[in-house]
Amino acid sequence: MFGIGTKNIGIDLGTANTLVYIDGKGIVLREPSVVAKNTQTGEVISVGSEARDMIGRTPASIVAIRPMKDGVIADYDTTAAMMKYFIEKATGHSNAKPFVMVCVPSGVTEVEKRAVIDATKVAGARDAYVIEEPFAAAIGAGLPVMDPTGSMVVDIGGGTTDVATISLGGIVSSRSIRMAGDKIDDAIVSYIRQNFNLLIGERTAEQIKIQIGSASIEKAKDIDNMTIRGRDLISGLPKSIDISATDIATAIKEVVDEIITAIKETLEETSPEIAADVIDHGIVLTGGGALLKNLPDVISEATKVPVFIAQDPLDCVAIGTGESLKNIDVMKKNR
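Residues numbered from 1 in each chain as written. Predicted model: local features only at pLDDT ≥ 70, side-chain atom pairs only at ≥ 80, totals over all residues. Heavy atoms only, no water.

> Looking at this model, I keep getting lost on the overall build of the chain. Mind explaining?
Along the chain, the regular secondary structure elements total 11 helices and 18 strands. Relative to a compact globule of 335 residues, whose C-alpha radius of gyration would be 20 Å, the chain shows 21 Å and is just as compact. By principal-axis analysis of the C-alpha atoms, the chain measures approximately 65 × 60 × 30 Å. Looking at the 335 residues of the chain, the share that counts as buried comes to 52%. (Helix = DSSP H or I, 4+ residues; strand = E, 2+ residues; numbered from the N terminus. Rg over C-alpha atoms; globule rule 2.2 N^0.38 Å. Buried < 20%, exposed > 50% of the residue type's maximum accessible area, 1.4 Å probe, protein only.)

Pasting the structure below:
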């Protein structure tokens, strides 16, 4: 039906990472959404993990870029080249021509959706469809999305945080804000520059977030300090300092507060029945941001609703996108 050797593919095209799901095989590829290009010729030198290792370490003739910004395509041609590489790597051959389902943030415009579909076709898809990220996350987290009961999911990715209440196979109310993992990293870089006169790179900021980042300033006191390295802004020389988890919790407080505000606003828009279901079943967190220490406790305290982390938070969107491939025939008819 889909051509010899062709499989349906689901792609979680993230700002930070791209995951590829193949029907019948599960997640087959997990790579950073980074491309290294030659600035003079425009030639793509490497994609994924190899390109990410080049960030901040390239000569003038090479630039390592992330073509996705805040969950949407910022560099169309580079995104198409990156997707082509991932599709070929996942399928094992260059003329697979699969049907592809790609997830997009819930707040994207029709123009941004069309850009994703077009880039996917340029990358080698026979046809492309989009699914909203929080809906895919809810499917991947195993929530009863088709039932007449309300579920709430918060997907904290690299570029966007998507909050949605879901019932009867559709999104009831949602929010998509450009406050997520990247903004947390930016806040850490900015805080350390302002308070310690030390310049650090985005890779270092991400390591700090993973190792000692905490959503709660109070509970951060129980986390050990971390030694970090960067460039002293006064002397211009390399320097090491000890940084406390309390400092990092203070640095990222504003971003965490924005995420909590989006959750509260989404809850305020829901019907009393769905709100009651959410109180019963709790809020489910997915995405890499769900792993930030003490985040469930801080959200639960602010909303007075139980909060849980999904079983495989990093994979939920990709799994949900892959599971939705089972309904691809319905999408073709609707198209």
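> Could you clarify how one ought to interpret helix α2 (residues 76-91) in this entry?
In this model α2 runs 22 Å from its N-terminal to its C-terminal C-alpha over 16 residues, within 8% of the 22 Å that 1.5 Å per residue would give. Looking only at α2, the buried set comprises Thr78, Thr79, Ala80, Met82, Met83, Phe86, Ile87 and Ala90. Directly beyond the C-terminal end of α2, a positive phi value near 90° is found at glycine 92. (Expected span 1.5 Å × (residues − 1).)

> I tried to follow the nonpolar core on my own but got confused; where do I start?
When a protein is soluble and globular, its nonpolar side chains tend to lie buried together. Of all hydrophobic cores here, the largest spans 48 residues; its most connected members are Ile188, Ile192, Ile200, Ile208, Ile228, Ile263 and Ile283. No other element matches helix α7 (residues 245-269), which puts 12 residues into this core. Among the domains, domain 2 (144-179 + 254-311) and domain 3 (181-251) are the pair contributing at least three residues each to this core. Residues contacting isoleucine 188, with those up to four places away along its chain left out, are Ile200, Ala205, Ile208, Lys209, Ile248, Ala251 and Ile252. Among the nonpolar cores identified, the runner-up in size contains 25 residues, and Val47, Met83, Val102 and Val108 belong to it. (Core = buried A, V, L, I, M, F, W, Y, C linked by side-chain atoms within 4.5 Å. Domains from an automatic or database assignment. Contact = heavy atoms within 4.5 Å.)

> How should helix α5 (residues 181-196) be read in this particular structure?
Every α-helix carries 3.6 residues per turn, so stepping three or four residues along brings you back to the same face. Here α5 spans 22 Å end to end across 16 residues, near enough to the 22 Å set by a 1.5 Å rise per residue. Every buried residue belonging to α5 is among Gly181, Asp182, Ile184, Asp185, Ala187, Ile188, Val189, Tyr191 and Ile192, and all of these are buried. Of the residues one or two after α5, asparagine 197 is the one with positive phi, at around 50°.

> Help me understand the pairing of strand β4 (residues 35-38) in this model?
Every other side chain in a regular strand lies on the same face of the sheet, so the side chains alternate between the two faces. Residues Val35 and Lys37 of β4 are buried on one face, and the alternating residues Ala36 and Asn38, pointing to the opposite face, are buried as well. Bridging between β4 and strand β5 (residues 44-47) involves three bridges; their strand directions are antiparallel. In the sheet register, valine 35 faces β5, and the bridge partner there is valine 47. Hairpin connection from β4 to β5: five residues lie between these consecutive antiparallel strands, with glycine 42 at a positive phi of about 80°. Direction of pairing for β4 relative to strand β6 (residues 62-65): antiparallel, over a ladder of four bridges. Pairing of valine 35 across the sheet is with isoleucine 65, part of β6. (Pairing = 2+ DSSP bridges.)

> Honestly, the packing of α7 against helix α9 (residues 295-303) in this entry has me stumped. Any pointers?
Describing two packed helices takes the angle between their axes plus the distance from one axis to the other. At a closest axis distance of 10 Å, the pairing of α7 and α9 adopts a crossing angle of 45°. By the criterion of interaxial angle, the relationship of α7 to α9 is oblique. Classified by chirality, the crossing of α9 by α7 is right-handed. Contacts between α7 and α9 involve Val256, Ile260, Ile263, Lys264 and Leu267 from the first element and Leu295, Val298, Ile299, Ala302 and Thr303 from the second. (Axes fitted to C-alpha atoms, helices over the stretch in contact; angles between N-to-C directions. Parallel < 35°, antiparallel > 145°, perpendicular 65-115°, else oblique. Left-handed = near helix turned anticlockwise from the far one by under 90°.)

> Sorry if this is basic, but what is going on with the environment of lysine 89 here?
Following the sequence through the fold, lysine 89 ends up in helix α2. For lysine 89, a relative accessible area of 43% corresponds to the partly exposed category. Not counting residues up to four positions away in its chain, the partners in contact with lysine 89 are Leu29 and Glu31.

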